Number of protein chains: 2
Amino acid sequence: MLDKISFKEAFFKVIDNITPTNLKKSMYIDRALGEFLAEDVIAKRDAPAFSNSAMDGFGFKKSENKKLKVIKTIYAGDKYEDFEIKNDECVRIMTGAKVPSGIDTVIPIEKCVEVNEDYIVIPEIKKGANIRIKGEEIKKGEILIKKGEEITPEIIALLSSQGIVNVKTFIKPKIAILSTGNELKEPFEEADEDEIYNVNSYAIKALLQKNGFDADLIGIIPDTLEKTIEFIQLLKNRYDVIITTGGISFGDADFIYEAFLKNNLKPLFRGIMVKPGRPTMVGIMNKTYVFALPGNPLSSYLNAFALMLPALRKLSGANKYFYNFVYAKNKSEFKLNPNKDHTILGKFECGEWEVYKNYKYGSSMLSALSNSNSLVIVSKREVIKEEILKVIPFNIGFSENCDFFND
Amino acid sequence: MLDKISFKEAFFKVIDNITPTNLKKSMYIDRALGEFLAEDVIAKRDAPAFSNSAMDGFGFKKSENKKLKVIKTIYAGDKYEDFEIKNDECVRIMTGAKVPSGIDTVIPIEKCVEVNEDYIVIPEIKKGANIRIKGEEIKKGEILIKKGEEITPEIIALLSSQGIVNVKTFIKPKIAILSTGNELKEPFEEADEDEIYNVNSYAIKALLQKNGFDADLIGIIPDTLEKTIEFIQLLKNRYDVIITTGGISFGDADFIYEAFLKNNLKPLFRGIMVKPGRPTMVGIMNKTYVFALPGNPLSSYLNAFALMLPALRKLSGANKYFYNFVYAKNKSEFKLNPNKDHTILGKFECGEWEVYKNYKYGSSMLSALSNSNSLVIVSKREVIKEEILKVIPFNIGFSENCDFFND
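Being a predicted model, the structure only gives us computed values, none of them experimental.

Q: Just checking my understanding: could you explain the overall build of chain A for this structure?
A: Scanning chain A for helices and strands turns up 7 helices and 26 strands. Taken against the 2.2 N^0.38 rule, which gives 22 Å for 407 residues, the C-alpha radius of gyration of chain A at 30 Å runs more than 25% over that of a compact globule. Once the C-alpha set of chain A is aligned to its principal axes, its extents read approximately 90 × 50 × 40 Å. Taken across its 407 residues, chain A has 50% of its residues classed as buried. Within chain A, counting contacts between residues at least 6 apart in sequence, those at least 24 apart form 70% of the total.

What follows is the structure in C-alpha cells.
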C-alpha cells in the first residue's frame, strides 16, 4: 500500500532529512552566478574607501564665513597629499573625489548664492552635508555576505567593489536521471503513432539546469530486477542524487522499489496524498538521496519542482530553500476535492492568478505545463473566486503587457 | 542641459524605438533554455498520439452488460493489431496503454463490484470515462508554441513529448560594455585606499548573463575625444548594443556624448527625471543601440535592469518584455520627493515588501543592492504605509522561511 502522508508532511520529511554538503571549491566570480557561498565573505576594505564628495560642488570647513575663496579643484581619481584649509577657503570638488580631512561639508553648485572664478557665496547649510564618510557603509573586517547566500548579479556588484574576485562556494551534488519504460522512444528517435517519447528525463534536466544544477541522463533502467540491483549499485557510488521516473506506483512492475531496497535504501515515504503525484518515493541509500518520481510527466515535473528542488538547494548548502511566494487574486472559480492536497497549475500575470483550464486538465497534458508559469499548493481545502492565494511562480519573468509603474 | 522626461516616458521611448531582430539560428533543445523562438512551432503529432487508458483498470464497450469476461491484458507500450470486442467482454488495461477502437470506457479496479481472474462485475459508469482520446489535447498541424516565446523547462517538456529536438531561435544581440574613468582599478588588480574599483562593467555583465545575454567587457574608453571617436567607430561595426557607464552627466568631461554624436548617434533622450539614474542617455547609431548609463554603480544597475533589459528582450525577438510585477504590502513607511520618479530598492519576502533602510541609502551604496531582491518604480507620488505596491522582483527566488502552502 502507498503511504498517506500529506504533501506538507512529505515536504518537511525530505527537507529535515537532508544533510547539507561541506565540499567546497574556489570560484572566480565571473563563473559564480547561481553558486552558494561556502564561507562568510569578509570585507577587505571600508566603503567608501575614503571620504568623498556626493555632489559636484564646493567643499569647505563649516564656519560663520559665507564668502569663500576657491583655492583648488579636485577631480574624481585625483591623488594628492592631505592638506589643511582655512575657514574662508573652499575647493571646487567633483562627485566621488576624495575630500581632504579638514573639509567637512560640500555644497552643490546650484545651491550657491554666487559662483565666481575666485570665490563663492554660500547660504546656510548643514555641517556634514554631501560628504560620504569613509567606512559609513561597510567597515573593513565585517561580514560582507553570509555563508549559504546564492551569488546573484547584485552580489557580484558588491564583490567587485571590494576587489574580491575569488570566493569559496559549495560543490553542487552530482545528479543522475534515469527513466523506466523500455517502450519509450528518446525525442531524437523516430516514433510510430503508437509509441511515446521519454519526456521526464529531458524536462527534469532542463528544470535542474535552469536552477543551477547539472545532471547526467543515464537512460533507461534495465528490465530485470537482478540487473537493476547491479545498475543501482554502480550508480550510487558515483552520484549524490538519483532521480527516477515511473515504475513506482502499484499498478506497475514493482522492481524499482525492490531494487532500491536491496541496495539498503531507507525510504522516507512511498506515496503522498497529493493530486497529481501520488506515486512518489523519497529515500536515502547510504549517502545518496533517491527521488523516485511518478511516470506521468506532469506529476513528475510538479514534484520535481515543489518537493525536490528545495531539497537540492539545502543539500547544496543554500541558506534559502523555501519558495518565496506571491499573493495573487484568484481570477476564476474551480472545483477540487477538499479532502486531498493539490498542486495546481496556472498563469500568474500582472499580480493576478488564473488556474489553467478550470483545473480540468489531465496529468498527462503537457500543454497545461507549457501554458502555465506558476503553481498553487492547496492543502485539504476549497478555493473560492477572488480569494487571495499564495502562488509560487516558476520564474517571475516578463509579460506581454503589464503596467508595472506605481503612478 | 539634461532632458526632463519621466521614467515612464523614457521607458516607452526606448521600447518603441527598438526594432526586433530577424536573425535566426538552429538550436538543439538541450542548449535552448532562455532562447526566444524565431518561428511558431507546429505540432508534429496528436496528443495523445493514440487513445489510451487514464487508469489501471478494465476497458469495455459501454452496454447493459454488468458482468464482463476478461479476454486479454494490455500493458503500456504493447503493440497489437486493432480488434473488436463483444458487449460482454473486457480487457485488463494499464495506465497509458493503447485502447482498441471498439472500447469506449475504462473502469478502475477499485470501482469494480467484483474482480476475478476470468470476469468482473461493474456498477453503472459514464460512457467515455477514463479514456484519453487521440488528439484531445493537441492536434497535429496546430500551433504548439508561438514565435517569440522564451524556451523554459516547461516548453522543453512539451517539445520532447512531440519528438521535436531542434528549433529555430533568434540570434541574441552582440553587446559591448565599456567604462569611463581612467582612474578605476579592475577588481582583480591591487588598489590603494584612495583608488576605487570598476564595478559597473562586472555588475552589468552578470545581470546580462543571468538574463540570457552575453557581453564583451571592452575595458576603459580612451581619454581623448579624438581617440574615443575612432574607438566607437570601430566598435559600432561589431556590436548591436554598446553600453557605457559614467561620463554622461554635466559635471563630467563631456566627450562620451560628443564622441557618439560624431558617430551619427541620434539620441532618444539625455537625462531622465528619476532618482537615482538621472544622467542616462539612450540613442541609436546607425543600427547600434547605445545605452550610456550613469557612473554611479547603483544608478547604472537600476537603469540597466529597469530600462535596458526589457529593450534587449524586445531586440532579441521576445514577445514578452514588460516586467511581470507582484502586488505586495509596503511594510514600513518612507519619505520621497513626490515630484520626481523613483526606482527604490527593497526586499520582497513571503508576499510583503520592505524598502531598504527607509530609503536612506546613497546611490553609491552597493550593499543596498546586495541586500535587496526587488524594485519599486514610483512615478511622481508619495507612498504610504500598508499601501499595496507593484513590486518587480529581480528574481522571485527562495526565502529562509516562507509558508507557501495554502492550508
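Additional details are given in the paragraphs that follow.
Q: Help me understand the domain arrangement of chain A in this model?
A: Where interface size is quoted, it is often the accessible area lost as the parts come together. Each assigned domain of chain A is listed here: domain 1 (7-22 + 172-315), domain 2 (24-43 + 141-170), domain 3 (52-132) and domain 4 (326-393). In this structure, domain 3 of chain A and domain 4 of chain A have C-alpha centres spaced 60 Å apart.

Q: What's the story with the sheet that holds strand β18 (residues 281-285) of chain A in this structure? I'm lost.
A: Two pairing modes exist for strands in a sheet, parallel and antiparallel, and in both the strands are linked by backbone hydrogen bonds. Residue and element names in this part refer to chain A. One open sheet holds the 6 strands; their spatial order is β14-β13-β15-β19-β18-β16, and the pairing between them is mixed. At either end of the open sheet lies a strand with only one pairing partner, and these are β14 (216-220) and β16 (265-270). Taking each pair of neighbouring strands and ignoring which way they run, the sheet shows an average axis angle of 20°. Note that β18 and strand β19 (residues 288-293) share 5 bridges and pair antiparallel. Residue pairing across strands places I284 opposite Y289, the latter belonging to β19. Here helix α3 (residues 200-210) sits on the sheet and contacts β13 (175-179), β14 and β15 (241-245); the angle it forms with β13, its principal contact strand, is near 160°. The strands touched by helix α4 (residues 225-236) within the sheet are β13, β14, β15, β18 and β19, with β15 carrying the most contacts at an inclination of about 145°.

Q: Before we go on, may I ask you to explain the relation of the copies chain A and chain B in this structure?
A: In summary, the two copies of the chain are related to each other by a rotation about an axis coupled with a shift along it. Rotating chain A by 180° about the axis while translating it 0.0 Å along that axis superimposes it on chain B, leaving an RMSD of 0.0 Å. Both copies are brought into coincidence by an operation consistent with a two-fold rotation axis. Minimal C-alpha separation from the rotation axis in chain A is found for A:I396, amounting to 2.8 Å.

Q: In this structure, what is going on with helix α5 (residues 255-262) of chain B? I would like to understand it.
A: Residue pairs three or four apart in sequence face the same way in an α-helix, which turns once every 3.6 residues. Residues and elements named next belong to chain B. Restricting attention to buried positions, one finds in α5 the residues F255, I256, Y257, A259 and F260. In this fold, the buried residues of α5 make contact with α4 (225-236), β15 (241-245), β16 (265-270), β18 (281-285) and β19 (288-293). After α5 finishes, the residue N264 shows a positive phi value of roughly 65°.

Q: What's the story with the interface of chain A and chain B in this structure? I'm lost.
A: Listed by partner, the interface residues are 89 residues for chain A and 90 residues for chain B. The element that contributes the greatest number of residues to the side of chain A that touches chain B is helix α2 (residues 153-161) of chain A, accounting for 8 residues. Taken together, the residues of the side of chain A that touches chain B break down into 49 nonpolar, 21 polar and 19 charged. Across 2 bridges, strand β20 (residues 322-323) of chain A lies against strand β26 (residues 398-399) of chain B in antiparallel orientation. Each bridged residue has a counterpart across the sheet, and for A:Y323 the counterpart in β26(B) is B:F398.

Q: What is the right way to look at the environment of B:D46 in this model?
A: Residues and elements named next belong to chain B. Residue position: D46 is located in the loop between β2 (41-42) and β3 (52-53). C-beta crowding within 10 Å serves as the criterion here: with 20 such atoms nearby, D46 is assigned to the buried category. When near neighbours in sequence (up to four residues on either side) are disregarded, D46 contacts K134, G135, I138, K139 and K140.

Q: Got a minute to help me understand the confidence of the model for chain A in this structure?
A: Caution is warranted with low-pLDDT regions, since their predicted coordinates should not be read in detail. For chain A, the mean per-residue pLDDT works out to 94, and 99% of the residues sit at or above 70. Interface confidence for the predicted complex, expressed as ipTM, amounts to 0.94; the pTM equals 0.95.

Reading the values: the criteria
Residues numbered from 1 in each chain as written. Chains lettered and ligands numbered in written order. Predicted model: local features only at pLDDT ≥ 70, side-chain atom pairs only at ≥ 80, totals over all residues. Helix = DSSP H or I, 4+ residues; strand = E, 2+ residues; numbered from the N terminus. Rg over C-alpha atoms; globule rule 2.2 N^0.38 Å. Buried ≥ 20, exposed ≤ 12 C-beta atoms within 10 Å, placed from the backbone. Contact = placed C-beta atoms within 7 Å. Domains from an automatic or database assignment. Pairing = 2+ DSSP bridges. Axes fitted to C-alpha atoms, helices over the stretch in contact; angles between N-to-C directions. Least-squares fit on C-alpha atoms with pLDDT ≥ 70 in both. Nonpolar A, V, L, I, M, F, W, Y, C, P; charged D, E, K, R; others polar. pLDDT = per-residue confidence, 0-100.

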